[in-house]
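Fold and geometry: a report
As a plain string of letters, each chain reads:
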Amino acid sequence: MAGLFFLFSAIVAAAILAGAHGENSTDSYWLMRIKEELDDPAGVMENWSPEANVCSWNGLTCSFDQIVGLNLSWSGLSGGIPRELWRLSSLQTLDLSSNILTGAISPELGQLQNLQILFLHSNYLSGKIPAEIGLLKNLQVLRIGNNMLSGEITPNISNLKELRVLGLAFCQLNGSIPVEIGDLKHLTSLDLQNNSLSGLIPEEIHGCEELQNFAASNNMLQGDIPPSMGSLKSLEVLNLANNSLSGSIPVSLSSLQNLKYFNLLGNSLSSDIPIELNQLSQLEVLDLSRNKLSGTINLLNSQLKNLTALVLSDNALSGSIPSNFCLNNLNMRQLLLARNKLSGNFPVELLSCSSLQQLDLSDNGFGGELPPFLDRLENLTDLVLNNNSFTGTLPPEIGNLSSLENLYLFGNRITGRIPVELGKLQRLKTIYLYDNQMTGQIPRELTDCSSLREIDFFGNHFSGSIPSTIGKLKQLVLLQLRQNDLYGPIPPSLGSCRKLQFLVLADNKLSGSLPPTFRFLSELSTITLYNNSFEGSLPSSLSLLKNLKIINFSHNRFMGSFFPLTGSNSLTALDLTNNSFSGPLPSRLATSRNLTRLRLAHNHLTGSIPPEFSQLTELNFLDLSFNSLTGEVPPHLSNCLKLEHLLLSNNQLTGIMPPWLGSLKQLGELDFSSNNFHGIVPKELGNCSKLLKLSLHSNNFSSTIPQEIGDLTSLNVLNLQRNNFQGPIPANIQQCKKLYELRLSENSLTGSIPAELGGLTELQVILDLSNNFLSGEIPSSLGNLVKLERLNLSTNQLQGKIPSSLGKLTSLHMLNLSNNHLQGQIPTTFSGFPLSSFIGNDRRLCGPPLVSCLESKGQGKRRLSNTEVVGIILAIVLTSTVICLVMLYIMLRIWCNWRKVSISNSEYGTGGTNHHQHKKEAEKKWAFGGEKWRIGEYWKVDSLALVASQDKKSPSSTTTTACILHLKMDQDSMEDTLV
């Protein structure tokens, strides 16, 4: 019986072993298929062979001869996720993370019903999260983040009831957080950060009762933080930074007693910081920066005893720091309160936080003097107090902060000297004191700070010389001393600062020549010495500085050739303006293919522009003005398509203006003035649509102004004066609506002033059309140029009246209409301009400042032309002759009448009735009365003188009467005679 039992047991065992061996054989087949689908450059699966036991294969884990684990992470595998993986039905752990896998997550993975851990993170997987993931009922850890997955988070994920860890960070997921997330009761870690998730944080998240880590930073979440999150009692990490959350911080979050890391930076949270947050006794890091929080700081480190970092920067917090903020706390390492509205003196309460390593109070409203007890912060490595209103001097006690590495005090009102005690700071790497009011010399002791890498003293009043021991700073990378009152030469020892990359000594009173030790500054990339008094020739050894990128030696007294500055092929900017450099332009400059700015104006350079400059295809600023350059503009400069500023004025350049300039589409400033250019302005220039300034004055350009000028619609300044332009002013210049300066004077322009110029309403600096041959009237539309400050139309042939509309030009402070043919009254608004503004207009203009118009008319009668005078004289003579003839005729008629009367009297005799009757009629007719009318005037005569003797009728009496009657007659006789 016992033998039969033994035989039966042996048969069963053999059958089990045979079944197990058959299963391993099946897995072996599928694993070999998986190997074939993956690219394995590192040979991680090299020992996968049917001859070897599967459980010995690299990356496989077996249990009871079953494959329960496959780990090929960090193996450099590429290709897609093999579909045959689902055949490994006993698999519990699958880790293919940190490879180069591409394609989608295979839906077949949902058939691995025993799978507990799935790691596919840190690959290049794309597509959506397959809904079949929800079939993995036993899954506890799912990490598929750091891929290129897109789409929404599948709600089927709520079927993973055993899930503890869900990692979906650093993908391209969108949509909202599914409300079904609250069904994951055992979830301890939820990482959704760095996606494009939007919408609200679901209230249902409070269902994740065991949640310890919730990170959803760097998304687009909106709305309020759900107060229900206060029920997540196990929460230790809450990171919702860089979203668009709004509203206030829920008071309920103060119930998170296990919370250690709390980050809400970069949202739009407002209102006060809840004082209840002081109850978070386990909190180590609190970051509420870059929000809209207001009110005072009511967080007390004395209660938050485990707090190591408090970051409240970039809010609108006001007031000062509480007096009991920090009481004997030994944990606080970082306190960052920058860019708020805090005020008051330096908060001495902080001196109790002796464990502080980083203190940032920058960009607030703190003032007053710095306390002398700053050395109580003995562990301080970073002291950042810039951009406040601190005054007074630097306390020498700062020199006792032996751990200090970075000192930022720029942008205050600190005065006085640099304490020599700073020389004790052996760990000091950075000292920024710029934009203060400090004085005195730079102490030599500062060069004892052997760790110094960056010095920035810009914009103070330091005087004296640069310390001769500056060469002791072997780690120095930045030396910024610009805009001080330093004088003397550059110390030769500076050549020992062989790590120096940025040397900025501009805007001082430094002098002398450059020391030859500069050749040792092989790391130097930027050197600016402008606005000093350096002189002499450049050391030839400067050509050894191969890393130079930016050089600015402008406004000094350097002389000779600047060839030594062309040794670097890395140059991006070279400015030597206003020196005395001479000689030709070095063609070697063309080897700096990244050169963007070349400014050599105001020197004594000669020769022609090298054709090699055409290789400077990155050039956007070329200024060679005010030199003695000759020759023509090289045609190959047309390769410099990025040119924005081309300035060649005040040289001796010749030739025509090249048409290829029209191909420089980025050109914003073109100045060819004061040269010897001739010919026409090419119409292709109208293609430079970005041109802001065009200056061609003082050349020999001729022909007409091209119509294409009107295509330069961005133009601000147009200066064509002192040339030989002819013909009319183009009317389409009105299209240059942005012009604020227009100069066309001293040419030979003809025709009338286009009325369209009145549409250039932005003209402000000047409109100068003087010294041409313009005719016609001044267009009234010029009255629309209400911003114009100077108007010059002098020395033309303009006619007519000054338009009254020009009276609207109230901004004018210079006006010149002289030497034209204008007439009429000057508008009263121009009465304040000098006489010279109007003279030379044929004396036809009147009104202030000239003579009044009434006086002008009177002067016009007294001052007639010769022809007019002759005409008037002839008219007077002719009129006088006619009058005399008429008078002679009248007197002749009177004499004839008298003769008839005399004859009649002699016929009647001296007696009888007829005699007396005629006598009375004669008395009535000749009126012996006292008043007589004589051709326009009254006069009195003696009546007795006209009484003829009645008794004596002698010839003498007749003669006497006749003589008198030649001079007298009454009104009736005259009327009878003239009828």
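Bear in mind that the values here come from a model prediction, so they are computed numbers and not experimental data.

Analysis parameters
Residues numbered from 1 in each chain as written. Predicted model: local features only at pLDDT ≥ 70, side-chain atom pairs only at ≥ 80, totals over all residues. Heavy atoms only, no water. Helix = DSSP H or I, 4+ residues; strand = E, 2+ residues; numbered from the N terminus. Buried < 20%, exposed > 50% of the residue type's maximum accessible area, 1.4 Å probe, protein only. Contact = heavy atoms within 4.5 Å. Polar contact = N/O pair within 3.5 Å; in protein donor to acceptor, adjacent residues only side chain to side chain. Disulfide = S-S within 2.5 Å. Patch = residues over 30% accessible without salt bridge, like charges linked within 9 Å, V, L, I, M, F, W, Y side chains within 5 Å. Areas by Shrake-Rupley, 256 points an atom, 1.4 Å probe, with all protein chains shown as cover. Salt bridge = Lys/Arg side-chain N within 4 Å of Asp/Glu carboxyl O. Pairing = 2+ DSSP bridges. Phe/Tyr/Trp six-rings, centres within 6.5 Å; stacked < 30°, edge-to-face > 60°. Lys, Arg positive; Asp, Glu negative; His and termini not counted. Core = buried A, V, L, I, M, F, W, Y, C linked by side-chain atoms within 4.5 Å. pLDDT = per-residue confidence, 0-100.

Check the secondary structure of the protein and you find six helices and 68 strands. A total of 979 residues make up the protein; the buried ones form 48% of that total. Taking all contacts inside the protein whose residues are at least 6 apart in sequence as the whole, residues at least 24 apart take part in 48%.

For Ser 568, the location among the structural elements is in the loop between β43 (557-560) and β44 (573-575). One polar contact links the side chain of Ser 568 to the main-chain carbonyl oxygen of Leu 548, over a distance of 2.7 Å. Contacts of Ser 568, omitting those with residues within four sequence positions, involve Leu 545, Lys 546, Asn 547, Leu 548 and Ser 592.

A few words on the state of the cysteines. Throughout the structure, instances matching the rule amount to two disulfides. A sulfur-sulfur separation of 2.1 Å characterises the disulfide bridge that pairs Cys 55 with Cys 62. What sets the handedness of the Cys 55 and Cys 62 disulfide is the S-S torsion sign, and at about -100° it is left-handed. Two residues share a disulfide in this structure: Cys 326 and Cys 353, whose sulfurs sit 1.9 Å from each other. With a gap of 27 residues between them, Cys 326 in the loop between β23 (318-319) and β24 (334-336) and Cys 353 in the loop between β25 (341-345) and β26 (358-360) connect regions that are remote in the sequence.

Moving on, we come to a nonpolar patch on the surface. Taken together, the side chains of Ile 100, Tyr 124 and Met 148 make up a nonpolar region of the molecular surface, amounting to roughly 300 Å² of accessible area. With respect to the helices, strands and loops of the structure, Met 148 is situated in strand β9 (residues 148-151). Among the residues examined, Met 148 registers a relative accessible area of 41% and is labelled partly exposed.

Further remarks concern the pattern of salt bridges. Across all of its chains, the model carries 13 salt bridges by this definition. Its salt-bridge partner being Arg 164, residue Glu 162 comes within 3.2 Å of it at the nearest N-O pair. Residue class for Glu 162 comes out partly exposed when judged on its relative accessible area of 33%. The class for Arg 164 is partly exposed, based on a relative accessible area of 29%. Of the charged contacts, one joins Lys 693 and Glu 669 as a salt bridge, the two residues approaching to 3.8 Å between their closest N and O atoms. A residue pair is termed long-range when its members are at least 10 positions apart, and Lys 693 in strand β54 (residues 693-695) and Glu 669 in strand β52 (residues 669-671) qualify at 24 residues. The class for Lys 693 is partly exposed, based on a relative accessible area of 28%. When salt bridges with common partners are traced through the structure, they connect Asp 314, Arg 339 and Asp 363 into a single cluster.

The side chains of a regular strand alternate between both faces of the sheet. In the sheet, strand β47 (residues 604-607) pairs with strand β49 (residues 628-631) via two bridges, with the strands oriented parallel. Residue pairing in the sheet places Thr 606 in a bridge with Ser 628 of β49. The pairing of β49 with strand β51 (residues 652-656) spans two bridges and is parallel. Considered in β51, the bridge of Thr 630 is made with Gln 652.

Another aspect to go through is the packing of aromatic side chains. One pass over the structure, following the stated rule, counts 17 aromatic pairs. With centroids separated by 4.8 Å and ring planes inclined at 70°, the aromatic side chains of Tyr 29 and Trp 30 adopt a geometry described as edge-to-face. Summarising the aromatic geometry, the rings of Tyr 408 and Tyr 432 are spaced 5.2 Å apart at their centres and angled 90° between planes, so their arrangement reads as edge-to-face. Taken together, the positions of Tyr 408 in strand β30 (residues 406-408) and Tyr 432 in strand β32 (residues 430-432) put the pair 24 residues apart, joining distant regions of the chain. Owing to a relative accessible area of 22%, Tyr 408 belongs among the partly exposed residues under this scheme. Given a relative accessible area of 15%, Tyr 432 falls into the buried group.

Position of Val 348 relative to the elements: it lies in the loop between β25 and β26. Val 348 sits 26 residues away from Leu 374 along the chain, and the two C-alpha atoms are 8.7 Å apart.

This part covers the side chain of Asp 95. Within the fold, Asp 95 resides in strand β4 (residues 93-95). Of the side chains with opposite charge, Arg 143 lies nearest to the buried Asp 95, which makes no salt bridge, at 7.8 Å. Within the local environment of Asp 95, its side chain forms a polar contact with the side chain of Ser 97, the two groups lying 2.7 Å apart. Beyond its immediate chain neighbours, meaning those up to four positions away, Asp 95 contacts Leu 70, Asn 71, Leu 72, Ser 73 and Phe 119.

A few words on the nonpolar core. Counting 237 residues, the largest nonpolar core has Phe 214, Phe 562 and Leu 694 as the members making the most contacts within it. At the level of secondary structure, the elements contributing two or more residues to this core comprise α1 (2-37) and β2 (66-71). Those residues in contact with Phe 214 that lie beyond four places of it in its chain are Leu 190, Leu 192, Ile 201, Ile 205, Met 229, Leu 235, Val 237, Leu 238, Asn 239 and Leu 240. Counting residues in each nonpolar core, the second largest holds five residues, with Phe 410, Tyr 432, Tyr 434 and Leu 478 among its members.

The next thing to look at is unusual backbone geometry. With omega at 10°, the peptide bond leading from Pro 848 into Pro 849 counts as cis. Among the structural elements, Pro 849 can be located in the loop between β66 (845-846) and α2 (853-862). Its identity is not glycine, yet Ser 703 carries a phi of approximately 65°, on the positive side. Within the secondary structure layout, Ser 703 lies in the loop between β55 (700-701) and β56 (717-719). Since its relative accessible area comes to 32%, Ser 703 is described here as partly exposed.

Let us look at the sheet that holds strand β59 (residues 748-752). Across the sheet, which stays open at both edges, the six strands sit in the order β57-β59-β61-β63-β65-β66 with parallel pairing between neighbours. Edge strands, defined here as strands with exactly one partner in the open sheet, are β57 (726-727) and β66. In this sheet, strand β61 (residues 773-777) lies alongside β59 in parallel orientation, the contact comprising three bridges. Bridged to Ser 752 within β61 is Ser 775.

Before going further, it helps to spend a moment on the sheet that holds strand β29 (residues 389-391). Read from one edge of the open sheet, four strands run β23-β25-β27-β29, paired in parallel fashion. Each edge of the open sheet is held by one strand with a lone partner, namely β23 and β29. Here three bridges tie β25 to strand β27 (residues 365-369), and the two strands are oriented parallel to one another. Bridged to Asn 345 within β27 is Gly 367.

Take the environment of Ser 614 next. The residue Ser 614 is located in the loop between β47 and β48 (621-623) in this model. The spacing of Ser 614 and Leu 637 is 23 residues in sequence and 4.5 Å in space, taken between C-alpha atoms. In this structure Ser 614 touches His 636, Leu 637, Asn 639 and Cys 640, once residues within four positions along its chain are discounted. From its side chain, Ser 614 meets the backbone oxygen of Pro 611 in a polar contact 2.9 Å long.

Across two bridges, the pairing between strand β45 (residues 580-583) and β47 is parallel. The partner of Gly 583 across the bridge, within β47, is Leu 605.

Moving on, we get to the confidence of the model for the protein. Looking at the protein, the pLDDT average stands at 88 and 87% of residues meet or exceed 70. Across residues 1-22, where pLDDT falls below 50, the model places zero contacts with residues more than four positions away in sequence or in other chains. Scored below 50 in pLDDT, residues 904-979 makes 58 contacts in the model with residues more than four places away or belonging to other chains.

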